[in-house]
Structure formats: C-alpha cells, structure tokens
Amino acid sequence: MSFGRTVRVSIAIPLLLAAAACVPQDGAPKAVNAASSAVTPAPVQPPAAPAAPPISAAPPISAGPKTPGTAPAPATKIITDLTAPRSGVGTATYRCGNGGMITIQNLGRSLRVIGPDGAAEEFAASPANQSSRYQEAATHDAIVIDGREALVMKRGSTPQTCRR
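Residues numbered from 1 in each chain as written. Predicted model: local features only at pLDDT ≥ 70, side-chain atom pairs only at ≥ 80, totals over all residues. Heavy atoms only, no water.

## Looking at the overall build of the protein chain
So, step 1. Scanning the protein chain for helices and strands turns up two helices and eight strands.
So, step 2. Counted from the first residue to the last, the protein chain has its helices and strands arranged as α-α-β-β-β-β-β-β-β-β.
So, step 3. Counting across all 164 residues of the protein chain, residues that qualify as buried make up 13%.
So, step 4. With the model as given, the accessible surface of the protein chain reaches about 13,300 Å², and the carbon-plus-sulfur share is 62%. (Helix = DSSP H or I, 4+ residues; strand = E, 2+ residues; numbered from the N terminus. Buried < 20%, exposed > 50% of the residue type's maximum accessible area, 1.4 Å probe, protein only. Areas by Shrake-Rupley, 256 points an atom, 1.4 Å probe, with all protein chains shown as cover.)

Here you go:
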C-alpha cells in the first residue's frame, strides 16, 4: 500500500512542478523570449555581374529601372500590455423615443453628451470604477449605457430610452 502511494506521488510531483514553472507567479503575462526577437536577417549578397552577351545578340529588353538589393526591414516586435486600461474613446449617435437624437462621446472615465440643441454636457462615471452609469454633478442628470441602449434621466422629465 505504501509502495503504491510512493509511486503515485513520485509521478505527480514532477508534473506539478513542471506546471508551476509554466505559470507566472506575479499574475503578469510572460514576456516574449528575448533571444527570438534578437534574430538578425542574413546579410544580402549583391547579385553576380551578368555575362557579356555575344556580339551578334540584341541588347536585352529591360522591364524597368532596377534598384540595388536592399536588406529586408527588421521584424517588428509587438508588445501588448494586458494590464493597461483599454482606450474607451468612441462616438455613437442615439435615436430617442421623442424623435430627437443625441451624440455620446465616450472619454473613458466620463461621457460628453451633445443634445439635439447642440449643447454639450459632461457626465462622470458614478461610481468611478465602472463604465455603464454616468451622472452630471451639477444637475444630477444621469445616463445608463446598456449595450446598444442608453437610458437618459433628466431632472423633471420622464426617463427616455435611446437606441443606436
């Protein structure tokens, strides 16, 4: 019985250690191997000089101007930082139930709303750590974004649903 347990443990421990070595311990994504990005292209050798044509041969027909051999551009290294917040800047136009239209510009932590009369209002995220509920501090007007709909709540008016 103890021999069987020893065999199972001796198989499981190396597998667990190998799996733990593959997972970053700080939660950040692993960086690209620096050795693979340091590969340089092989040097380009100039083409050999063409042989002289025989005297009776016609001159060769040229397809266009030739450029000397150029080295290929170095590989571009793309680095994606998954911990940085995404840019949420974008603009959308919504049609409201009363026949009016509003334009909402997402500025990340706030919205700029341009009404049908052309007046612009700033709405801050409320609470600040989310991206669906926004409120204007002075008037307490609010907007809730839900997919392709925006619920616009203005003081003294019935809430309106506006759709993209």
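## Points about the state of the cysteines
So, step 1. Evaluated as defined, the whole model comprises one disulfide.
So, step 2. Between the sulfur atoms of Cys-96 and its disulfide mate Cys-162 the distance is 2.0 Å. The S-S bond linking Cys-96 to Cys-162 shows a torsion near 100 degrees; that makes this disulfide right-handed. Taken as a pair, Cys-96 in strand β1 (residues 90–96) and Cys-162 in strand β8 (residues 160–163) lie far apart in primary sequence, 66 residues in all. We note that Cys-96, like Cys-162, is buried. (Disulfide = S-S within 2.5 Å.)

## Structural notes on the sheet that holds β8
Each strand in a sheet pairs with its neighbour through backbone hydrogen bonds, running either in the same direction (parallel) or in the opposite one (antiparallel).
So, step 1. Here eight strands make up a closed barrel; going around it, the order is β1-β2-β3-β4-β5-β6-β7-β8 and the pairing antiparallel. Each adjacent strand pair in this sheet contributes to an overall mean axis angle of 30 degrees, direction not counted.
So, step 2. Summarising the sheet, strand β7 (residues 149–153) and β8 pair through four bridges and their orientation is antiparallel. The partner of Ala-150 across the bridge, within β8, is Cys-162. (Pairing = 2+ DSSP bridges. Axes fitted to C-alpha atoms, helices over the stretch in contact; angles between N-to-C directions.)

## As for the layout of surface pockets
So, step 1. Here the largest pocket is characterised by a volume of approximately 270 Å³.
So, step 2. If you go around the largest pocket, you meet 20 residues; those closest to its centre are Ile-102, Pro-116, Val-152, Lys-154 and Gln-160.
So, step 3. Those elements giving two or more residues to the lining of the largest pocket turn out to be β2 (101–106), β3 (110–114), β4 (120–125) and β8.
So, step 4. Its residues assigned to classes, the lining of the largest pocket comprises 11 nonpolar, six polar and three charged. (1 Å grid on protein atoms, 1.4 Å probe; cavity = no way out; pocket = protein on both sides within 12 Å on 5 of 7 lines; lining within 4 Å. Points joined across faces, edges and corners; volume = space filled by probe spheres on them. Nonpolar A, V, L, I, M, F, W, Y, C, P; charged D, E, K, R; others polar.)

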